[in-house]
Amino acid sequence: MPTPKTSWWRSNAAAVERAPLIEVRRLGPEDLPAYKLLRDEALQRHPESFTSDAETERLRSPESYLGRLGLSEPLGGTFLMGAWVDGELAGSVACERELKRKLRHRANIVGMYVRESHTRLGIGRQLLAACLDLARQAQGLEMLTLTVTASNERALRLYERAGFKVYGLLPRAIRVETGRKVQYFDKAHMVLML
């Protein structure tokens, strides 16, 4: 008869065996087709969360996102992070540094998305942590900003735990039309000083 300690070890060993392999890394040009599929899914499934619309973005090619990779950015601060789960792109987040000289101390976190089939695995937290680590390496980058749909409490908590603070609220920031139905969503503006 197994002892309680042996039973605990067996159940935890089984859980470890079932745990998916998660790899969070900076995306490159070869990853753009997978990124495009993920982004199109995000825009279609959650129109209230993104300022871009699914219909317009669907027409873009994967190569049109090349600028998000920041390959020509000598100071850093523009990049695209991805979370791969068992070889499938399950989530992404982008950091886009401001281009104007007077604004180059700032970058914007945009497009955070984790597939619903992969939520509750800590992927959002890992993506954001990797994003912040890479942003802190960028020369002269002092602050990060983002907007998040104010009613998305899970996302707000994620950003707050990472150190972001709300500094404003834009009412009716997003207008979503579904047939004859029109909905408005507020956006919380957040900032993190690096």
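Nothing here was measured: the structure is a model prediction, and the numbers come from that model.

Undergrad: Is there a simple way to think about the sheet that holds strand β6 (residues 165-178) in this case?
TA: Pairing between the strands of a sheet is mediated by backbone hydrogen bonds and can be parallel or antiparallel. With mixed pairing, the seven strands of this open sheet are ordered in space as β1-β2-β3-β4-β5-β7-β6. Looking at which strands have only one partner, the edges of the open sheet turn out to be β1 (22-26) and β6. Across this sheet, the average inter-strand angle for adjacent strands is 20 degrees, counted without regard to direction. Where strand β4 (residues 106-114) lies against strand β5 (residues 143-149), three bridges are found, and the strand directions are parallel. Paired with A107 across the strands is L144, a residue of β5. Along the sheet face, helix α2 (residues 32-45) touches β2 (79-85), β3 (88-97) and β4 and points at about 85 degrees away from the line of β3.

Undergrad: Which parts of the structure should I look at to understand the side chain of S92?
TA: Tracing the sequence through the fold places S92 in strand β3. Classification of S92 as buried rests on a relative accessible area of 3%. With near-sequence residues (within four places) excluded, S92 lies in contact with Y35, L38, M81, G82, G111, M112, Y113 and L127.

Undergrad: Got a minute to help me understand the packing of aromatic side chains in this structure?
TA: Centre-to-centre distance and the angle between the planes together describe a pair of aromatic rings. If you walk through the whole model with that rule in mind, you get two aromatic pairs. Centre to centre, the rings of Y35 and Y65 are 5.3 Å apart; their planes meet at 85 degrees, and the pair counts as edge-to-face. On the criterion of sequence distance, the pair formed by Y35 in helix α2 and Y65 in the loop between α3 (54-58) and β2 is long-range, its members being 30 residues apart. By the burial criterion, Y35 is buried, and Y65 matches it. Ring centres of Y159 and F164 lie 5.9 Å apart, and the angle between their planes is 70 degrees; this geometry places the pair in the edge-to-face category. Accessibility classification places Y159 together with F164 in one group, the buried group. A cation over a ring is seen here: R172 above Y184, with NZ or CZ 3.6 Å from the ring centre.

Undergrad: What is the right way to look at unusual backbone geometry in this model?
TA: The phi torsion of most residues other than glycine is negative, and most of the peptide bonds are trans. Unusually for a residue other than glycine, D86 sits at a positive phi of about 50 degrees. Within the secondary structure layout, D86 lies in the loop between β2 and β3. For D86, a relative accessible area of 58% puts it in the exposed group. The backbone phi angle of R172 is positive, close to 55 degrees, even though this residue is not glycine.

Undergrad: I keep staring at α2 and nothing clicks. Help me out?
TA: Two residues of an α-helix separated by three or four positions point the same way, owing to the 3.6 residues in each turn. An ideal rise of 1.5 Å per residue puts 20 Å on 14 residues; α2 measures up with 20 Å between its terminal C-alpha atoms. When α2 is considered as a whole, its buried residues turn out to be L32, Y35, K36, L38, R39, D40, A42 and L43.

Undergrad: When you look at helix α5 (residues 153-161) in this model, what are you seeing that I'm missing?
TA: Turning to α5, its buried residues number three or more, namely A155, L156, L158 and Y159. Burial along α5 is one-sided: seen end-on, the buried residues are contained in an arc of 160 degrees. With respect to the buried face of α5, the exposed residues turned more than 90 degrees away are E153 and R161. For α5, the secondary structure elements touched by its buried residues are β4, α4 (123-136), β5, β6 and β7 (181-193).

Criteria and cut-off values
Residues numbered from 1 in each chain as written. Predicted model: local features only at pLDDT ≥ 70, side-chain atom pairs only at ≥ 80, totals over all residues. Heavy atoms only, no water. Pairing = 2+ DSSP bridges. Helix = DSSP H or I, 4+ residues; strand = E, 2+ residues; numbered from the N terminus. Axes fitted to C-alpha atoms, helices over the stretch in contact; angles between N-to-C directions. Contact = heavy atoms within 4.5 Å. Buried < 20%, exposed > 50% of the residue type's maximum accessible area, 1.4 Å probe, protein only. Phe/Tyr/Trp six-rings, centres within 6.5 Å; stacked < 30°, edge-to-face > 60°. Lys NZ or Arg CZ within 6 Å of the ring centre and 35° of its normal. Expected span 1.5 Å × (residues − 1). Arc of directions from axis to C-beta.

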